[in-house]
Amino acid sequence: MARLVLTKKRLDNTGHQYEIRLVGLTVLGMPVDMMCAVLVAATLTGAITGSVWWMPLGVLAILSLHQAVTTVTREKLTVLRGMGIFCESFMRCNVRQDLQFVDLDRIASVFLHEGITSNDIVYSLAFELTRGHSTCIAFKSLRPQLDLLKHIFREVHELLAEDKGFAHPQD
């Protein structure tokens, strides 16, 4: 069963870094890496022996490999005092998928956002930005649970309150 793990790191006196990782990702009860290896081996065996089943297995192997490599498995939020925030997303192969820096002067507030999809309620940590009236969402791919986001929100709010003078959050 896949689960999210939070790692916090204090960056000397310059800020904090919050990293959320997706661990234990499986397909049909098998780790994703092992599943891809099995499908690739079955495809090669079928192609070598002339089996007619190698083509569907090949397509499945390619799709599984693509899913395994392009899944976001790690996201970071780095809060730098006096500077701003970095939001980063990394794919399984440790390639950065997304990087966004928001200058401290552009951050109007930080809040927990509640969104409703057709079959779920999702929560996110969001930063309201001035100039353009937009938002920056942290951990947008992994979507951690509300209790984890509340913990991060309190600390981020406290760090930004020192620089921006935000009011204390309501629970």
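Remember, it's a predicted structure, so these values are computed and weren't measured experimentally.

### Some details on the sheet that holds strand β5 (residues 72-80)
At step 1: Ordered by their spatial adjacency, 5 strands build an open sheet running β1-β2-β5-β6-β7, and the pairing between neighbours is antiparallel. Each edge of the open sheet carries a strand with a single partner, namely β1 (3-11) and β7 (96-103). Strand-to-strand, the axes of this sheet are offset by a mean angle of 10 degrees, without reference to chain direction.
At step 2: Here strand β6 (residues 84-91) pairs with β7 via 7 bridges, running antiparallel. Along β7, the bridge assignment pairs F90 with R96.
At step 3: Strands β1, β2 (15-23) and β5 of the sheet are contacted by helix α3 (residues 146-164), whose axis makes an angle of about 160 degrees with β2.

### Here we look at the pairing of β6
At step 1: The element β6 is extensively covered by neighbouring structure, given that 7 of its 8 residues are classed as buried.
At step 2: Both β5 and β6 contribute to a ladder of 8 bridges, which runs antiparallel. Paired with V72 across the bridge in β6 is M91.
At step 3: Hairpin connection, β5 to β6: the antiparallel pair is bridged by 3 residues, and G82 has positive phi, about 75 degrees.

### A short note on the sheet that holds strand β9 (residues 121-129)
At step 1: The strand order across the open sheet built from 3 strands is β8-β9-β10, with neighbouring strands paired in antiparallel fashion. Looking at strand neighbours, the two that pair on one side only are β8 (107-116) and β10 (135-138), the edges of this open sheet. Averaged over all adjacent pairs, the angle separating strand axes in this sheet is 35 degrees, with direction ignored.
At step 2: Here β9 pairs with β10 via 4 bridges, running antiparallel. When the sheet's bridge partners are listed, L125 is paired in β10 with A138.
At step 3: On top of the sheet, α3 reaches β8 and β9; it is set at about 165 degrees to β8, its chief contact.

### Brief notes about α3
At step 1: Inspection of α3 places L149, I152, F153, V156, H157, L159 and L160 among the buried residues, and these make up the whole buried set.
At step 2: Of the residues trailing α3, G165 is marked for its positive phi of about 75 degrees.

### A word on empty space enclosed by the protein
At step 1: Scanning the entire structure with this criterion turns up 1 cavity of 30 Å³ or more.
At step 2: Listing elements by their share of the lining of the largest cavity, those giving two or more residues are β6, β7 and β10.
At step 3: A per-element tally of the lining of the largest cavity places β6 first, with 3 residues.

### Some remarks on the pattern of salt bridges
At step 1: Going through the model one piece at a time under the given rule, you end up with 5 salt bridges.
At step 2: Between E155 and K8 there is a salt bridge, with the nearest N and O atoms lying 2.7 Å from each other. Of this pair, E155 sits in helix α3 while K8 sits in strand β1; the two residues are 147 residues apart in sequence, bridging distant segments of the chain.
At step 3: Among the residues examined, E155 registers a relative accessible area of 21% and is labelled partly exposed.
At step 4: Overall, K8 belongs to the partly exposed group, its relative accessible area being 43%.
At step 5: The partner of E162 in a salt bridge is R81, with the nearest N and O atoms 3.4 Å apart. You can see E162 sitting in helix α3 and its partner R81 sitting in the loop between β5 and β6, a full 81 residues away along the chain.
At step 6: Judged by its relative accessible area of 28%, R81 falls in the partly exposed class.
At step 7: One network of salt bridges, with partners in common, ties together E19, R21 and R74.

How each quantity is defined
Residues numbered from 1 in each chain as written. Predicted model: local features only at pLDDT ≥ 70, side-chain atom pairs only at ≥ 80, totals over all residues. Heavy atoms only, no water. Pairing = 2+ DSSP bridges. Helix = DSSP H or I, 4+ residues; strand = E, 2+ residues; numbered from the N terminus. Axes fitted to C-alpha atoms, helices over the stretch in contact; angles between N-to-C directions. Contact = heavy atoms within 4.5 Å. Buried < 20%, exposed > 50% of the residue type's maximum accessible area, 1.4 Å probe, protein only. 1 Å grid on protein atoms, 1.4 Å probe; cavity = no way out; pocket = protein on both sides within 12 Å on 5 of 7 lines; lining within 4 Å. Points joined across faces, edges and corners; volume = space filled by probe spheres on them. Salt bridge = Lys/Arg side-chain N within 4 Å of Asp/Glu carboxyl O.

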